[in-house]
Amino acid sequence: MSANGPNHIGLTTISRTVASLAVGVVHTLERAVIGDGRMRTARGNAWEAVCADRARAAQRRELDRLVAELAAARVAVAERRPARDGQPVT
């Protein structure tokens, strides 16, 4: 394309311009409604993800602890039972 050629505005250029303006309006409206301090940011989203990961890990550790406790209780009960020779296990 030459620098002296005609400057054509295509349909994609118009839709990109409209989309850009719409994003600007939404961003400005969000700042006005909720304030700068409560705006969602990449840093805030990342911190929320870290907190959610930590919460899931804590829940997983608690579940593992409960399963180990139940397994230990089952072994303890099995060790206290007298052996039944010749009888089927039910």
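Above this note sits the structure.
Residues numbered from 1 in each chain as written. Predicted model: local features only at pLDDT ≥ 70, side-chain atom pairs only at ≥ 80, totals over all residues. Heavy atoms only, no water.

Per the secondary structure count, the protein includes two helices and zero strands. Considering the protein as a whole, with its 90 residues, one finds that 1% of them fall into the buried category. (Helix = DSSP H or I, 4+ residues; strand = E, 2+ residues; numbered from the N terminus. Buried < 20%, exposed > 50% of the residue type's maximum accessible area, 1.4 Å probe, protein only.)

This next bit is on a nonpolar patch on the surface. A cluster of nonpolar side chains, namely Leu29, Val33 and Ile34, defines an oily patch on the protein surface of about 270 Å² accessible area. Relative to the elements of secondary structure, Ile34 occurs in helix α1 (residues 11-34). Since its relative accessible area comes to 30%, Ile34 is described here as partly exposed. (Patch = residues over 30% accessible without salt bridge, like charges linked within 9 Å, V, L, I, M, F, W, Y side chains within 5 Å. Areas by Shrake-Rupley, 256 points an atom, 1.4 Å probe, with all protein chains shown as cover. Salt bridge = Lys/Arg side-chain N within 4 Å of Asp/Glu carboxyl O.)

By secondary structure assignment, the location of Arg40 is in the loop between α1 and α2 (42-80). In contact with Arg40, not counting residues within four places along its chain, are Asn45 and Glu48. (Contact = heavy atoms within 4.5 Å.)

Quick look at the pattern of salt bridges now. Evaluated as defined, the whole model comprises three salt bridges. For Asp53, the salt bridge goes to Arg56, with nearest N and O atoms at 2.2 Å. Of the two residues, Asp53 and Arg56 are both situated in helix α2; the distance of three residues between them amounts to about one turn of the helix. Residue Asp53 is classed as partly exposed on the basis of its relative accessible area of 45%. By relative accessible area, Arg56 is classed as partly exposed at 43%. We note a salt bridge from Glu69 to Arg65, for which the minimum N-O separation is 2.9 Å. With a gap of four residues between them, Glu69 and Arg65 both fall in helix α2, about one helical turn apart. Taking the relative accessible area as the measure of exposure, Arg65 reaches 41% and is therefore partly exposed. Residues joined by salt bridges that share partners form a network here, namely Glu62, Arg65 and Glu69.

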